[in-house]
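The lines below spell out each chain.
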Amino acid sequence: MAETPTTSHHRRSLSDLGAVSLGGFFGGGGGASAFEYFGWVYHLGINSIGHEYCHLRFLFIRGKYVEMYKRDPHEHPGIKPIRRGVVGPTLMLEEVGRRKVYCGDVYVLRFYNRLDESKKGEDILVCPLTFDIALLKIACATAGEAQKWLEAFDQSKQQAEYELLRGGSARNKLSMETEINLDVHRPRVRRYASGLKRLIKIGQGPEVLLSQSSNRADGGPDGYFERDGGDAIETYQWKCVRTINGVRIFEDVANSESGKGVIVKAVGVIEASADTAFEVLLNLEKRQRYEWDMLTGDLELLDSYDGHYDVVYGTFDPRWHSKRDFIFSRQWFRGQDGAYTILHFPAVHKKKPPRSGYRRTKINPSTWEIRNLNSSMGSDSPRCLVTQMLEMNSTGWGRWKKSHCSKFERSVPYALLCQVGGMKEYIGANPALKCASSTTFVQSKLSPVSNANYNESDVKDEFYDAISTDSSSSDKEESDDDALNNKMLIPSPCVSQEAKLKLKKISATDANKELDSEVAPITIDLSQFPCSCPKGKDDADTNCWSTPSGKGFMIRGKNYLKDNSKVTGGEPLLNLIGTDWFKVDKAMDNIALHPRCLVQSEAGKKLPFVLVINLQVPAKPNYSLVLYYAADRPPKPDSLFSKFVDGNDMFRNTRFKLIPSIGYWMVKRAVGTKACLLGKAVTCKYLRQDNFLEIDVDIGSSSVARSVIGLVLGYVTSIVVDLAILIEAREEEELPEYILGTVRLNRLKLESAVHLEEAAVHQEEE
């Protein structure tokens with residue numbers, strides 16, 4: 001939903017950040033309208049003598065222009081920026097997770113150029129001997145603030161892409177796409193901007209160092225994920241069995257008789273933002289954990305990996321038993337709807353062998369989900385829904401849930417289920433943790449530091465050039481920073497109440513309207529398309545694929561724009577005719593050009609249209625899961641499907657959507673069941689040629705996606721994965737949505753992947 005600024009000032013929740021459509025974002029008529037974002041961040045880097053620095057900086061985004069200041073320009077009129085640049089379509093910003101800087105934890109964002117393939121997907125390590133753009137980072141105090149900056153830069157990048165599509169100069173086009181080279185001097189890009197009218201503040205002042213995060217509601221149609229709880233129909237049947245101190249305890253009665261244990265969860269509403277609850281949960285400080293956590297209060301960090309994963313060691317003295325110790329891993333993700341998922345797994349570590357006097361105990365696998373709720377009527381106080389889910393043995397559970405005394409109350413699972421209640425009481429007793437008013441503002445006029453017009457000489461560099469300007473300048477800044485930095489310390493650390501989705505059990509309408517009705521359909525014989533991964537005969541088969549019905553997925557219905565209603569999916573528009581499971585030396589694009597590819601076969605060349613989905617899985621070795629979807633007729637001209645097939649990459653990135661559904665509950669919690677715009681979450685490349693469109697999905701381009709796929713690969717031989725792909729409908733005439741295609745991957749074996757040589761692709765391209 002796009003809104004036009006009025007003559008008065010308005011305070012909004014951050015949901016408005018992600019809810020601006022392209023039309024509203026860029027305005028109409030002759031005047032340009034763009035958002036402005038500003039707030040405090042840390043600028044991390046390496047100076048000229050190889051020392052790492054961490055400077056507090058005030059960052060200002062005006063449309064596609066970015067400026068960095070030492071002080072808040074609102075409080076110091078006339079101050080000059082120390083960095084200035086322009087955001088181009090090739091700028092990429094990646095969240096690399098939680099890192100320890102000096103004495104505290106921050107959340108780091110990395111800038112890089114998507115044209116520089118050598119930096120794609122690598123871990124971000126601070127190297128004191130080099131000065132490279134891949135090492136340039138900004139950091140925020142909370143994951144929530146980091147997400148806001150991601151959205152801010154994404155909006156700025158969209159404006160640059162939009163202006164390029166509307167016909168920028170030839171020089172601008174060249175400088176954005178072909179002249180940029182991170183390893184040598186980059187050409188200077190000049191821009192002109194006027195009419196900047198929307199101003200959005202991210203975070204608060206340096207005194208609180210962004211530690212207070214605004215209450216972020218779910219994102220809108222331009223967000224990466226949708227508002228509802230999930231788009232894949234789940235089989236859980238939750239029954240509330242006890243309520244303890246305002247926390248509800250549920251049991252999954254649908255699977256309780258499977259003999260594989262019991263899945264239970266504790267659910268509570270906490271009067272604080274999701275960011276606050278997340279920081280409390282991850283904080284290892286004993287003084288704080290002693291106040292709410294009876295089991296894992298004594299924790300010691302053993303190892304931290306990619307910013308989203310660590311291993312901790314803990315001890316526990318239950319008094320009625322011998323002393324216990326345990327090791328478990330913590331893996332966390334922040335969804336684009338603002339919800340956090342934290343996974344706990346029992347682990348082993350060489351630093352902590354069995355200890356004398358302690359009995360080594362395995363902590364039950366568990367997950368946490370922390371999701372913001374809308375504030376109560378007449379209140380500005382943030383709230384979040386905290387859910388802890390775990391799998392356990394059923395011993396003593398039956399008596400306890402009937403309010404009888406049981407040995408269960410002396411078990412580890414019971415202590416885990418009490419953590420939600422403990423956190424709720426702790427945060428409730430500490431008002432300082434939850435005092436966070438909204439920090440997002442929208443103004444109808446230019447800020448005092450905002451220049452309505454930029455001269456061409458004002459902004460000369462791409463932003464990643466400006467921020468990496470001669471590192472010696474960082475040395476000059478350090479002396480000026482001492483006074484300011486000495487005053488600051490790095491901080492310590494569902495269901496929407498409005499417009500709740502109506503999940504109607506009505507199948508979507510026939511999608512065949514997207515294909516050309518004037519062309520006679522052909523008959524597709526699957527036997528003509530042999531692939532490396534076989535088609536399964538039934539659900540009992542393993543290491544195979546099949547095509548499930550679309551009824552297991554929820555998609556936008558005809559009235560979605562009016563009431564957010566969703567319906568069950570119908571039969572897919574395209575037929576899945578084959579699946580290849582390849583092992584490759586490195587991620588391979590344009591795989592459809594390979595002579596061994598189905599599209600290059602004689603039968604494949606005769607098909608009216610083929611959609612090739614190349615899911616590039618980062619691992620050792622790398623894998624490519626290639627899905628081939630065929631249409632029995634060509635796309636209908638001017639249909640949404642045709643616009644997607646023959647449109648530009650910007651349009652495709654904002655429409656290409658995937659819905660996952662995974663069997664095992666722990667993996668399901670990590671991957672989620674919500675529709676994801678892949679072009680926003682990871683890097684997607686497109687190849688339109690002959691009778692096919694190939695989409696190369698680089699899962700390794702996102703540190704979060706790499707972490708999740710690593711977890712999935714650990715279980716892939718024992719789980720069933722269902723996927724649905726579709727084009728997101730945003731206009732009334734595009735509704736209802738339809739499913740392009742589905743696939744079920746049944747217990748794939750990693751060793752069954754067939755090695756594919758890269759050389760053949762290059763020969764074909766030449």
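All values reported here derive from a predicted model rather than from experimental measurement. (Residues numbered from 1 in each chain as written. Predicted model: local features only at pLDDT ≥ 70, side-chain atom pairs only at ≥ 80, totals over all residues. Heavy atoms only, no water.)

Asker: It is not clear to me how the packing of aromatic side chains should be interpreted in this structure. Could you clarify?
Answerer: We describe a pair of aromatic rings using the distance from one ring centre to the other and the angle between the two ring planes. Under the criterion given, the structure shown has 14 aromatic pairs. Seen in terms of ring centroids, Phe111 and Phe153 are 5.3 Å apart; in terms of plane orientation they differ by 75°. Their pairing is edge-to-face. Of this pair, Phe111 sits in strand E7 (residues 104-113) while Phe153 is found in helix H3 (residues 143-165), placing the two residues 42 residues apart along the sequence. For Phe153, a relative accessible area of 3% puts it in the buried group. Aromatic rings pair up to connect Phe38, Trp40, Phe58 and Phe60 into one cluster. Over the ring of Phe250 we find Lys265; its NZ or CZ atom is 5.3 Å from the centre of that ring. Sitting over the face of the ring of Tyr313, Lys352 holds its NZ or CZ atom 4.7 Å from the ring centroid. (Phe/Tyr/Trp six-rings, centres within 6.5 Å; stacked < 30°, edge-to-face > 60°. Helix = DSSP H or I, 4+ residues; strand = E, 2+ residues; numbered from the N terminus. Buried < 20%, exposed > 50% of the residue type's maximum accessible area, 1.4 Å probe, protein only. Lys NZ or Arg CZ within 6 Å of the ring centre and 35° of its normal.)

Asker: Explain the confidence of the model for the protein to me, please; I cannot follow it from the model alone.
Answerer: Detailed reading of the predicted model is not advised wherever pLDDT is low. Residues of the protein with pLDDT of at least 70 account for 72%, and the chain-wide mean is 75. Under a pLDDT of 50 for its full length, residues 169-198 has, in the predicted model, 86 contacts with residues more than four places off or in other chains. Confidence drops under a pLDDT of 50 for residues 759-766, and excluding neighbours within four residues, the segment shows 10 contacts in the predicted structure. (pLDDT = per-residue confidence, 0-100. Contact = heavy atoms within 4.5 Å.)

Asker: Whenever I open this one, the pairing of strand E32 (residues 720-727) confuses me. Can you help?
Answerer: A large share of E32 lies buried, amounting to 7 of its 8 residues. Where E32 meets strand E33 (residues 739-746), 7 bridges bridge the pair, whose relative direction is antiparallel. Following the sheet pairing, Leu723 is matched in E33 by Val743. (Pairing = 2+ DSSP bridges.)

Asker: What exactly am I supposed to notice about the sheet that holds strand E22 (residues 544-546) here?
Answerer: The strands making up a sheet associate through hydrogen bonds between their backbones, and the pairing can be parallel or antiparallel. Taken in spatial order, the 5 strands make up an open sheet running E22-E33-E32-E28-E29, and their pairing is antiparallel. The sheet is open, and its two edges are formed by E22 and strand E29 (676-677), each paired on a single side.

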